[in-house]
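Inside the fold
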Amino acid sequence: MSQEHDTPNGALNRRRFLRTMALGTAALAAGVLAACSATQPTAAPEAPAAPATDAATGEVAKFKALMWSNSPVLDENFKKRADLFNAKYSGKYEVDMQLLPWDQYWPKVDLAYASKDPIDVYFWDVQAYGHYKQDLLKNLQEDVNVAADLSNPELYPTNLFDVWRFDGSNLFAIPENLQMMQMYYNKDLFDKAGVKYPDSSWTWNDVLAAAEKLKISEGDTVTQWGFDIGDLGVWWGAQTLAWSQGGAFFDKIVEPSKFTVSEEKSVNGLKFIQDAMYVNKVAPDQATRSIVGQEVGIFGSGKVAMTPGGSWGMSGYTDLKFKWDVAPLPKWTDATVMPYWFGGWVVAKDGKQTDAATAWAIWCATEYQQTMAETRDWIPIRTDARNSAAFLGGLPAGFKSVLDTLPDAKLGDMYHKAGQQILGEVFGPILDQFWNNKVTAEEAGKQIDEKANALLAKG
Amino acid sequence: MHTPIRWFRRRSSQQLLMAIGAALLLLVGGAVIMVPFLWMISTSLKQAGEVYLMPPIWVPSDLQWVNFVTAWTRLNFSLYASNTFLIVSTVMIGTLFSASFAAYGFARLRAPGRDFIFMLLLATLMLPGAVTLVPTYLMFNKIGWVNTFLPLIAPAFFGNAFFVFLMRQFYITIPRELEESAMMDGATIYQIWWHIMLPLSGPVLATIAVFTFVGTYNDFFTPLIYLSDDTMHTIAVALTYFQGSAKIGPKMHLLMAAVSISVIPPLVLFLFAQRYFVRGIVTTGIKG
Amino acid sequence: MVQESRTIESRRLGKRERREAMHAYVFMSPVIIGLLLFTLGPVIVSLGLSFTEYNLLSDPKWIGVENYIEMYGEDLFWQSLRVSAIYSVVSVPLGLVLALFLAILLNQKIRGMYVFRAIYYLPTVISGVGVAMLWRWIFNGQYGVINTLLHNIGVKGPNWLIDENWALTALIITSIWGVGGTMLIFLAGLQGIPQELMEAAEIDGAGRWQQFRHVTLPLISHVTFFNLVLGIIGALQVFTDAYVITNGGPNNATMFISVYLYRHAFIYLNFGYSAALAWVLFMIVLTLTLLVFRSSPIWVFYESERQGKS
């Protein structure tokens, strides 16, 4: 910044100014053109770098894998997993494993698609169904067929995979782990109250009865709750009650065409949850629940005897000061239908290293399973790994009984292009009012059906 | 409370009362302002089990300084700090230069279209970032700047609307006499800007420096979008990892420890700069 | 065409004016180049996108003004406008008054004042996400810090973040907490007031209030103007707090237009619709700002005017 002395007055003349302007205009035009060519359908896409040149040239196929960040330990283990893979495929494939905060995960994946430079392989969640709908995902069925184990019902719960065959026959994502829902309970509180622990024979009415005995009040304030609605407060949690009666919130998981939250079985389930808080008063109401805000905290506080929650919660409870265990979700009358979810990988069809990326996805679902069982970060998809002593040994005793319900479990997702909007604009606000006891189960169900079906109709 | 009134001899007792009243009010307000910070520090020193207690406790039973160590390692502070300071310092240089330079044109020199350009510039302030984000991203991607620091740094050299506006507003309050006499002495307009306007603008420049530092330092969205390699992340991005995932939830005590650590650099800068930061234009000798 | 008329215009200018204009363009060149490179291009593209159906994943499809029509019929859009309007109307004036009040207090000549300045400025230094997480924590339920304090003075606090009648108030409180930036700008303005003017007013027998009303306020009116404009822009675009603390809920009570926009852009992937939203938001902010600018000759007073036209 020393131009002050040697800038002759008027040295920057009109011509130079105009030249600058012209430069700027050219740059603007270039910028707009650049942006447009990436977005205009007519503009020829950049010659797609010929995919799958990897092994042929003898060069190492480097690719990027993306997952969202969960916790320091889990993140670290993803990096270690990548190291294992790179060691095994040394000289052939090399994965660059990156972890992003959840909030930024999907924007990043979407922007990568927008710039025609997709992430090679990334972790599945419902958002990726939108990518399937846009025909951006690689059909992985061939590769699954080649890795024969993955189709063996003895080794993998292949019947659960069916719902992931979005087109009816092909897998577009390879599952590597699964999650379930379960009833967490605080053994210390049960022991103190002399109440029998929950087990797979319990019905939701047993929960109410036990919760009544487990509740402790001092004057007007409740100091210990028998029950907390936990993840029943999320739509998929609430839906399990409808499932256990043979109902559901919508007609089918993939491409639902009709919402049925106002039907009797759905309403019964919703009403049960609302009543537990506001009629039976065995569970803290929404206002009280917000004291802690995080489900982790409500159960972790040791003031709640039992609460239904996702199996992913277990890793957060490892350092709790009280004894706890888990049981399957209770039955409605004679049955319980548990939700499950898959974790897995999808491969971008137009990625530069689809072969290497596919190898990663397959490897995670096969060879890596035993290591996954040992780290106990995730519930392995491979049945023998999941049932191995290495895996179950470090988990609460009741978890095996939860896993045993898997054959009858249903996928706790909804796959539709407008899915995120239906959850955000319909379920979100209406359930907000419902959990705060401002509308009845019937009204909530009716409103949800009306608005959600309208969004479905819009397409 | 120890805020001795320096020159009470010159002041009436009424003025003395006013000063004491002001100090008292500030003390109360300051306490209110500090509550969230104290709560943050309190939480950062708790063990996981004490975070979710009802009613809450202010003083943890056992101070967990280890939370800071954990947060520090998790933050990967040394790496992210060097990235952060590289970005922040370059952005600061660019911003200070471009804002102070450009604002002079807007404040003092007449030219056809000047006000139009100025309005255009101000209009960019009102543009929701979420929408220019995608086209901008596509553009930077096209020229190969994604996953470099350039998309974060380069725009700073081309005049941030906020700061150009700030500089212009301050230039306008400066009387023209100084410049006119300098002009009479044969100084060029650039010399006037450099030798007269800039020295007078010390406090404004300090203000902009602090604002720029804080803004760039705390921005997590831009780095996250443009930098895909986690060795290139910044402190603010690292912080967002503590929020935890949607399914596992935050580790509040670690998050608060990490936030506490991350506040230190801007805080130190502010404490250093604050004397210049708010020093009046009077003291810079304008009145002369 | 613009270029053409400008040429004609500058031909009409005298030599001195031409030279002055030339220097002006040199000074403004960073801004001009920056506008062309980093703003106008993307802005034009986003305007174009607002007339398309675009999900980021596949190429945009031209649908004319359909996004704007859809917006008009969308209850949630009007709700988001309402939320942003209430927030702005309350938080901007409240913030300005409080900031000015604090700045005046902090402008007292008391030793150790810089400690107070630092304390009041502190909130604006801390990270957006971090502080938002902190607030969520503070507003928690009936035993949160705020309600614990309220309880101590015998008031039963509301359930801030889950009560749709209070969630917006909570966000306004967080905005007031960060008033330090505005305050500091006022403080800089106050310190720019020549001491002898205040003394002269005092000699003329003006009381404290009159001094404030007739000397201080006019002399810092340009600062007020600055803070007002920034306040409006900031309030209408507030995002991080709303996103992290309440994420639009409960029952859309904090569905700021920026949150609504973000959801459509990056969660529902209705990018075209969100571009249309952004343009509507842009027009609203622009109109309001222009109104403030229009009104400024009435109440904004620049020192160089006071010095007499040169």
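Source: prediction; values computed, not measured.

1. Quick word on the overall build of chain C
When you go through chain C residue by residue, the secondary structure sums to 16 helices and two strands. With respect to the three principal axes, the spread of C-alpha positions in chain C is 75 × 65 × 30 Å. Within chain C, buried positions represent 51% of all 310 residues. Long-range pairs, those at least 24 residues apart, make up 68% of the contacts in chain C between residues at least 6 apart in sequence.

2. Some points on the interface of chain B and chain C
Listed as interface residues are 89 residues of chain B and, on the opposing side, 87 residues of chain C. Among the elements that take part in the side of chain B that touches chain C, helix H1 (residues 13–44) of chain B stands out by supplying 14 residues, more than any other. By residue class, the composition of the side of chain B that touches chain C is 61 nonpolar, 19 polar and nine charged.

3. Considerations on the pairing of strand S7 (residues 306–310) of chain A
A regular strand places its side chains so that they alternate between the two faces of the sheet. All names here are of chain A. Of all five residues making up S7, five are buried, and the element is well covered by its neighbours. Direction of pairing for strand S4 (residues 174–186) relative to S7: antiparallel, over a ladder of five bridges. Its bridge partner being in S7, methionine 183 is matched across the sheet by proline 308.

4. Focus on helix H14 (residues 257–267) of chain C
All names here are of chain C. Across the eleven residues that make up H14, a large majority, ten, are buried. Taken together, the buried positions of H14 are occupied by Ile257, Ser258, Val259, Tyr260, Leu261, Tyr262, Arg263, His264, Ala265 and Phe266. Phi turns positive one or two residues past the end of H14, at leucine 269, with a value near 55 degrees.

5. Quick word on the pairing of strand S2 (residues 93–100) of chain A
Residue and element names in this part refer to chain A. Note that strand S1 (residues 61–68) and S2 share eight bridges and pair parallel. Of the residues in S2, the one forming a bridge with phenylalanine 63 is valine 95. This β-α-β element, S1 to helix H4 (residues 72–88) to S2, shows right-handed connectivity.

6. Comments concerning the packing of helix H20 (residues 419–435) of chain A against helix H21 (residues 441–458) of chain A
When two helices pack together, their arrangement is given by the angle between the helix axes and by the axis-to-axis distance. Residue and element names in this part refer to chain A. Relative orientation of the contacting elements H20 and H21 amounts to 170 degrees, with a least axis distance of 10 Å. Judged by the angle between their axes, H20 and H21 are roughly antiparallel. The element H20 and its partner H21 pack so that their crossing is right-handed. Counted together, Gln421, Ile422, Val426, Phe427, Ile430 and Phe434 of H20 and Ala444, Gln447, Ile448, Lys451, Ala452 and Leu455 of H21 form the full contact between these two elements. In the contact of H20 with H21, the residues fall into nine nonpolar, two polar and one charged.

7. Thoughts on the confidence of the model for chain C
Residues and elements named next belong to chain C. The pLDDT averaged across chain C works out to 84; a share of 91% of its residues lies at or above 70. Note on residues 1–8: pLDDT under 50 across the span, and two contacts to partners over four residues away in sequence or across chains. In this model, residues 305–310 is a region of pLDDT below 50 whose contacts with residues beyond four sequence positions or in other chains number four contacts.

8. With respect to helix H5 (residues 114–125) of chain B
Taking 1.5 Å of rise per residue, twelve residues should cover 16 Å, and H5(B) covers 17 Å from first to last C-alpha, within 8% of that figure. Where the residues of H5(B) are buried, they touch helix H4 (77–108) and helix H8 (161–173) of chain B together with helix H2 (15–49) of chain C.

9. Comments concerning the nonpolar core
With 305 residues, the main nonpolar core has A:Ala305, A:Trp345, A:Trp360, A:Ala361 and B:Val164 as its most contacted residues. Residue contributions to this core peak at 17 residues, all from H2(C). Those residues in contact with A:Trp360 that sit more than four places away from it in its chain are A:Ala65, A:Phe85, A:Val95, A:Val121 and A:Trp345.

10. What about the packing of H14(C) against helix H15 (residues 271–299) of chain C?
Residues and elements named next belong to chain C. Contact geometry for H14 and H15: axes closest at 7 Å, N-to-C directions at 160 degrees. One element, H14, and the other, H15, form an angle in the roughly antiparallel class. At the point where H14 passes H15, the crossing takes the left-handed sense. Between H14, through Ile257, Tyr260, Leu261, His264 and Ala265, and H15, the contact on the second element is made entirely by Phe271, Tyr273, Ser274, Leu277, Ala278 and Leu281. Taken together, the residues of the contact of H14 with H15 break down into nine nonpolar, two polar and no charged.

11. A short note on the environment of A:Trp332
All names here are of chain A. Structurally, the position occupied by tryptophan 332 is in the loop between strand S8 (324–327) and strand S9 (339–347). Tryptophan 332 gets classed as buried once you count the C-beta atoms within 10 Å, which come to 23. For the pair formed by tryptophan 332 and threonine 240, sequence separation is 92 residues and the distance between their alpha carbons is 9.5 Å. If we ignore the near neighbours within four places in the chain, the residues touching tryptophan 332 are Thr203, Trp204, Leu241, Ser244 and Gln245.

12. So, the confidence of the model for chain A
Residues and elements named next belong to chain A. Looking at chain A, pLDDT values average 85 and 85% of them are 70 or higher. Across chain A, strand S3 (residues 121–123) holds the top mean pLDDT of 97, while helix H1 (residues 3–6) sits lowest at 34. When the criterion is pLDDT under 50, residues 1–55 qualifies, and its contacts beyond four places in sequence or with other chains add up to 68 contacts.

13. Some words on the environment of B:Met252
Looking at the secondary structure, you find B:Met252 in helix H14 (residues 252–277). By the C-beta count within 10 Å, which is 25 here, B:Met252 ends up buried. With 215 residues separating them along the chain, B:Met252 and B:Phe37 place their C-alpha atoms 14 Å apart. Leave out the neighbours within four places in its chain, and B:Met252 touches B:Thr43, B:Val51 and C:Trp137.

14. A word on unusual backbone geometry
C:Pro250 follows C:Gly249 through a cis peptide bond whose omega is -10 degrees. Located in the positive-phi region is A:Arg376, a residue other than glycine, with phi close to 60 degrees. With respect to the secondary-structure elements, A:Arg376 resides in the loop between helix H16 (369–375) and strand S10 (379–380). With 18 C-beta atoms counted inside 10 Å, the residue A:Arg376 sits in the partly exposed group. One non-glycine residue, A:Asn437, lies in positive phi territory at about 65 degrees.

15. Some details on the environment of A:Ser217
Inspection of the secondary structure assignment puts A:Ser217 in strand S5 (residues 216–218). Here the alpha-carbon distance between A:Ser217 and A:Ile362, two residues 145 residues apart in the chain, equals 54 Å.

Reading guide: rules and limits
- Residues numbered from 1 in each chain as written.
- Chains lettered and ligands numbered in written order.
- Predicted model: local features only at pLDDT ≥ 70, side-chain atom pairs only at ≥ 80, totals over all residues.
- Helix = DSSP H or I, 4+ residues; strand = E, 2+ residues; numbered from the N terminus.
- Buried ≥ 20, exposed ≤ 12 C-beta atoms within 10 Å, placed from the backbone.
- Contact = placed C-beta atoms within 7 Å.
- Nonpolar A, V, L, I, M, F, W, Y, C, P; charged D, E, K, R; others polar.
- Pairing = 2+ DSSP bridges.
- Right-handed = clockwise from strand over helix to strand, strands pointing away.
- Axes fitted to C-alpha atoms, helices over the stretch in contact; angles between N-to-C directions.
- Parallel < 35°, antiparallel > 145°, perpendicular 65-115°, else oblique.
- Left-handed = near helix turned anticlockwise from the far one by under 90°.
- pLDDT = per-residue confidence, 0-100.
- Expected span 1.5 Å × (residues − 1).
- Core = buried A, V, L, I, M, F, W, Y, C linked by C-beta atoms within 7 Å.

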